[in-house]
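# Residue-level structure breakdown
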Amino acid sequence: QVQLVESGGGLVQTGGSLSLSCAASVRTFSSYTIAWFRQAPGKEHEFVASISGTGTSTYYADSVKGRFTISRDNAKNSAYLQMNSLKPDETAVYYCGAGYSSIRYYSSGGKPDYWGQGTQVTVSS
């Protein structure tokens, strides 16, 4: 069983930045691909970014490329999502997920095996 806890959400103005963290309670954190998703009110989960277990490969949704950066520190059992130039329509609950699949799997509808509880990100206009 993998437990994930997100933190770092909050209120930011348009164009601002936030850094989200995802802390995992698992002994073999490096075995898992980590993916970030977001869910706006009334909408489905939307893939944001994913990173391989070693951290050497990443994949991004087109909408966030060049503005968001996913990373991880396996020694700290943590993953991160740095978000820059935020837009109001990116207001959502952001979730991290852990799974055994490739980084591209989650961009095409695949869902992680484990989810965190989410952290709210609100971008004011």
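Our structure is the block above this text.
Below: a short report on this structure. Counting of residues starts from 1 at the beginning of each chain's written sequence and follows it residue by residue. Restriction of local features to residues with pLDDT of at least 70 applies here, the model being predicted, together with a cutoff of 80 or more for giving and counting side-chain atom pairs; totals for whole chains, interfaces and linings are based on all residues. Based on all heavy atoms of the structure, the side-chain values leave hydrogens and waters out of the count.

## A word on the overall build of the chain
Each helix is a run of DSSP H or I of at least 4 residues and each strand a run of E of at least 2, with the numbering of both proceeding from the N terminus. Along its length, the chain carries zero helices and 11 strands. Listing the helices and strands of the chain from first to last along the sequence gives β-β-β-β-β-β-β-β-β-β-β. Relative to the globule expectation of 14 Å for 125 residues, the C-alpha radius of gyration of the chain, 13 Å, shows essentially globular dimensions. Considered along the principal axes of its C-alpha atoms, the chain spans approximately 40 × 25 × 25 Å. A total of 125 residues make up the chain; the buried ones form 46% of that total. Taking contacts inside the chain between residues at least 6 apart in sequence as the whole, the part at least 24 apart equals 58%. Under the convention used here, a 1.4 Å probe and the Shrake-Rupley method define accessible areas, while residue burial counts only the protein chains that appear. When the accessible surface of the chain is summed, it comes to about 6,200 Å², and 47% of that surface belongs to carbon and sulfur atoms. Only four residue types enter the charge count: Lys and Arg as positive, Asp and Glu as negative, with His and the chain ends excluded. For charged residues, the charge sits on one atom: NZ in Lys, CZ in Arg, CG in Asp, CD in Glu. Charge-centre separation for the chain: the mean point of 10 positive side chains lies 5 Å from the mean point of 8 negative side chains. Only C-alpha atoms enter the radius of gyration; for comparison, a globular chain is expected to reach 2.2 Å times N to the power 0.38, where N is the number of residues. Only protein chains enter the calculation, and the probe is 1.4 Å; a residue is then buried if its accessible area is under 20% of its type maximum, exposed if over 50%, and partly exposed in between. Contact criterion: two residues are considered in contact whenever any of their non-hydrogen atoms come within 4.5 Å of each other.

## Remarks on the state of the cysteines
Cysteine sulfurs are considered disulfide-paired once they come within 2.5 Å of each other. By the definition in use, this model includes one disulfide. The side chain of Cys22 participates in a disulfide bridge whose partner is Cys96; the two sulfur atoms lie 2.0 Å from each other. Note on the Cys22 and Cys96 pair: the S-S dihedral is about 60 degrees, so by sign convention the disulfide is right-handed. Note that Cys22 is positioned in strand β3 (residues 18-25) and Cys96 in strand β9 (residues 92-99), a separation of 74 residues in sequence. Each member of the pair Cys22 and Cys96 is classed as buried.

## With respect to the sheet that holds strand β7 (residues 68-73)
For two strands to be treated as a pair, DSSP must find at least two bridges joining them. If you walk across this open sheet you meet the four strands as β1-β3-β8-β7, and the pairing is antiparallel. The sheet is open, and its two edges are formed by β1 (3-7) and β7, each paired on a single side. If you compare each strand with its neighbour and ignore which way they point, the axes differ by 15 degrees on average. Looking at chain direction, β7 and strand β8 (residues 78-83) are connected through six bridges and run antiparallel. Paired with Ser71 across the two strands is Tyr80, which belongs to β8. For helices, the fitted axis covers only the stretch in contact; all axes are lines through C-alpha atoms, and the angles between them, taken along N-to-C directions, range from 0 to 180 degrees.

## Digging into the packing of aromatic side chains
Working definition: a ring pair exists when centres of Phe, Tyr or Trp rings (six-membered ring for Trp) sit within 6.5 Å. Plane angles under 30 degrees give stacked, over 60 give edge-to-face, the rest tilted. By the definition in use, this model includes seven aromatic pairs. Between Phe37 and Phe47 the ring centres are 5.9 Å apart and the planes differ by 80 degrees, which places this aromatic pair in the edge-to-face class. Placement of Phe37 in strand β4 (residues 33-39) and of Phe47 in strand β5 (residues 46-51) is noted, with a sequence separation of 10 residues between them. Residue Phe47 is classed as buried on the basis of its relative accessible area of 10%. An angle of 40 degrees between the planes, with centres 6.3 Å apart, marks the rings of Phe47 and Tyr59 as tilted. Here Phe47 is found in strand β5, whereas its partner Tyr59 is found in strand β6 (residues 58-60), with 12 residues between them in sequence. One aromatic cluster in this structure is built from Phe37, Phe47, Tyr59, Tyr95 and Trp115. Any Lys NZ or Arg CZ that is within 6 Å of a ring centre and within 35 degrees of that ring's normal is treated as a charge sitting over the ring. Across the ring face of Phe29, the terminal group of Arg72 is positioned such that the distance to the ring centre comes to 4.4 Å.

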